[in-house]
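Structural features, examined
What follows is each chain in one-letter form.
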Amino acid sequence: MTTETPAAVAVSDVTGWSDEVDVLVVGAGMAGVSVAIEAATSGARVLVIDRGGRLTCTSAMAGGHFYLGGGTPVQRAAGFDDTPEEMAKFLRAMSPECDPEKIRRYCEGSVEHFAWLESLGFEFERSFYPGKAVVQPGTEGVMFTGNEKVWPFRELAVPAPRGHKPPVEGDLGGASLVVGLALDRLERLGVEVRYETGATALIVDRGGIAGATWKRFGETGAVRAGAVVLAAGGFVMNADMVSAYAPRLNALVARGMALGNTHDDGLGIRLGESVGGVADHMEGAFFTSPFYPPEDTLKGIVVNKEGRRFVSEDSYHARTASAVFEQPGQTAYLILDSETMVKPAYGFQPLIDGWETVEEMEEGLGVPAGSLAKTLSAYNTAAAAGEDPEFHKAPEYVVPLDKPPYGAYDLTPGKCFYAGFSCGGLRVDPDGRLLSKDGEAIPGVYAAGACASNIAVDGSGYASGTQLGEASFFGRLAGRHAAAHARRG
């Protein structure tokens, strides 16, 4: 792997063109297919190239949540009166570094985008899953998939469930269904998706982009295009880029899994940089090791190696994981008593041991003597009144932990299994245009999906469905704008 940017090719050095199109899309994941559909629907001649095969993209590996709101038919059927304004309040609180205009457009266009997704050939079930889970276990159409009900965010915006999942049971398969239907739509539109074909460089002409070179096994060529849209994924599979930009992701090597496909090596980001683009939030990373379900685990407390709590236990699993990585030694434990002791469903966290007294537990965990006793005493006193003044955990999860024996699960990276992906990407405007360090749009080149930086900038502010939601939504905007740019010549 490498961190080097491929050198751009001058149009004068191209001796022949394999194809001439209006819009060339690099990548056939959720972003790429959304770009291509919108560009083709706008009347552009479109070609999609992808280094993998059909449905080998990272999008197809996802559970399938799309973060949508503002009053979707599923939300209304479930009895939630969400509005674009409340959705925007929440997203601004979770991603304060995101361009507010992107959030505004995403929230105001969310209901229309919901309809567009269903137009691909499926329907979200008009039902709500009320439990605390990573993915709704059945075909329920919507659930809470972020920190909407977690303090202080529940006081900043009216909570509403926005994690819309296609009607596929279980943790996987929903996104694959949607991307597959989008590929079918492209076939009906007459758009070629050329697999096992990777972009190798962008072609420049008088300050703008004139296309891209490509390679397929031993064959090479160049595509002339009025606009190029980079939708080639993130960089979690590139060890050199991870070490250079997001070294915390190296924790996945010890005991974990990178959430990506082989080609998530940052090539799209590096191609953008080769023509003057810049990348934002490259240190941003999503980590997760959910210890719920079952929900009873949330009745425990999470402490660091100093025996102190540091996060509300009912937080979204990636927010909790992100907080773990910020602790001294990245050490953390989930503490339960005999009344609350349950086994985390996914089995990612090893059970360390059980102890008859708090003092024995302190010694067993290696935390300072008296520290955990002090934490538990304060917590139990407040919990007896149903309160959590320190972190304001939801009342249904606040119970005293005073029934020994006690048990502890290890949340420490390297001992606990974590999964994750990179969040950084190219700086783009709301229409997906690649921006230079001076904030100027670079003519003819766009970025969408995981190789662009939009709403999802880190795991602490993430909600399940944000990646697929923004990839498809901003992909569509980029597709429309790229088609218009190509028409203008």
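As the structure is a computational prediction, the values presented were derived from the model and not from experiment.

Thoughts on the overall build of the chain
Across its full length, the chain carries 14 helices and 22 strands. The C-alpha radius of gyration of the chain comes to 24 Å, within 12% of the 23 Å expected for a compact globule of 489 residues. Taken along its principal axes, the extent of the C-alpha atoms in the chain is 80 × 45 × 35 Å. Counting the 489 residues in the chain, one finds 59% classified as buried. A fraction of 74% describes how many contacts in the chain between residues 6 or more apart in sequence connect residues 24 or more apart. Accessible surface, the chain: about 18200 Å² in total, of which carbon and sulfur atoms supply 51%. Averaging the coordinates of the 42 positive side-chain charges in the chain and doing the same for the 62 negative ones gives two points 5 Å apart.

Here we look at helix 11 (residues 317–324)
One turn of the α-helix equals 3.6 residues, which is why residues spaced by three or four share an orientation. Among the eight residues in helix 11, seven count as buried, and that is most of the element. Buried within helix 11 are the following residues: H317, A318, T320, A321, S322, A323 and V324. As for helix 11, its buried residues are in contact with strand 13 (285–288), strand 15 (332–337) and strand 18 (418–422).

Concerning the side chain of D82
Here D82 lies in the loop between helix 2 (73–77) and helix 3 (84–94). Here D82 falls in the buried class, since its relative accessible area comes to 8%.

Considering the nonpolar core
By size, the foremost hydrophobic cluster in this structure holds 66 residues, and its most contacted members are L24, L230 and Y418. Judged by nonpolar contacts, the second largest core, of 45 residues, contains A36, A182, A231 and A448.

Regarding the pattern of salt bridges
The final tally for this structure, using the stated rule, is 24 salt bridges. For D280, the salt bridge identified is with R427, shortest N-O distance 2.8 Å. You can see D280 sitting in strand 12 (residues 279–280) and its partner R427 sitting in strand 19 (residues 425–427), a full 147 residues away along the chain. Judged by relative accessible area, which is 28%, R427 ranks as partly exposed. One network of salt bridges, with partners in common, ties together E38, E112, R476 and R480.

Describing the pairing of strand 8 (residues 198–205)
Here two bridges tie strand 1 (residues 9–10) to strand 8, and the two strands are oriented parallel to one another. Looking at strand 8, one finds that V9 is bridged to I203. Relative to strand 9 (residues 208–216), strand 8 runs antiparallel, the two sharing seven bridges. Within strand 9, the residue paired with I203 across the bridge is G211. Linking two consecutive strands that pair antiparallel, namely strand 8 and strand 9, is a turn of two residues; a positive phi of about 50° is found at R206 within it.

Here's the deal with empty space enclosed by the protein
Picture a little ball the size of a water molecule; that probe, rolled over the atoms, points out where space is still empty. Considering all chains together, one arrives at three cavities of 30 Å³ or more under this definition. There is about 90 Å³ of room inside the largest cavity. Taken together, 14 residues make up the lining of the largest cavity; nearest its centre are S289, F291, H317, T320 and A321. For the lining of the largest cavity, the element with the highest residue contribution is helix 11, accounting for four residues. Split into classes, the residues belonging to the lining of the largest cavity amount to eight nonpolar, five polar and one charged.

A few points about the UniProt feature "domain: FAD-dependent oxidoreductase 2 FAD-binding" (unreviewed entry) in the chain
In this structure's numbering, the residues bearing the UniProt feature "domain: FAD-dependent oxidoreductase 2 FAD-binding" (unreviewed entry) are residues 22–453. In residues 22–453, the share of helix is 27% and the share of strand is 22%. The end C-alpha atoms are 24 Å apart.

Some details on the packing of helix 4 (residues 100–108) against helix 14 (residues 466–488)
Put simply, helix 4 and helix 14 touch, their axes get as near as 11 Å, and they point 95° apart. In terms of their interaxial angle, helix 4 and helix 14 are classed as roughly perpendicular. On the side of helix 4, the interface is formed by K102, R105 and Y106, while helix 14 contributes G469, E470, F473, F474 and L477. Here the residues of the contact of helix 4 with helix 14 sort into four nonpolar, one polar and three charged.

So, how was this worked out
- Residues numbered from 1 in each chain as written.
- Predicted model: local features only at pLDDT ≥ 70, side-chain atom pairs only at ≥ 80, totals over all residues.
- Heavy atoms only, no water.
- Helix = DSSP H or I, 4+ residues; strand = E, 2+ residues; numbered from the N terminus.
- Rg over C-alpha atoms; globule rule 2.2 N^0.38 Å.
- Buried < 20%, exposed > 50% of the residue type's maximum accessible area, 1.4 Å probe, protein only.
- Contact = heavy atoms within 4.5 Å.
- Areas by Shrake-Rupley, 256 points an atom, 1.4 Å probe, with all protein chains shown as cover.
- Lys, Arg positive; Asp, Glu negative; His and termini not counted.
- Charge placed at Lys NZ, Arg CZ, Asp CG, Glu CD.
- Core = buried A, V, L, I, M, F, W, Y, C linked by side-chain atoms within 4.5 Å.
- Salt bridge = Lys/Arg side-chain N within 4 Å of Asp/Glu carboxyl O.
- Pairing = 2+ DSSP bridges.
- 1 Å grid on protein atoms, 1.4 Å probe; cavity = no way out; pocket = protein on both sides within 12 Å on 5 of 7 lines; lining within 4 Å.
- Points joined across faces, edges and corners; volume = space filled by probe spheres on them.
- Nonpolar A, V, L, I, M, F, W, Y, C, P; charged D, E, K, R; others polar.
- UniProt positions renumbered as here; feature names shortened; annotations may be inferred.
- Axes fitted to C-alpha atoms, helices over the stretch in contact; angles between N-to-C directions.
- Parallel < 35°, antiparallel > 145°, perpendicular 65-115°, else oblique.

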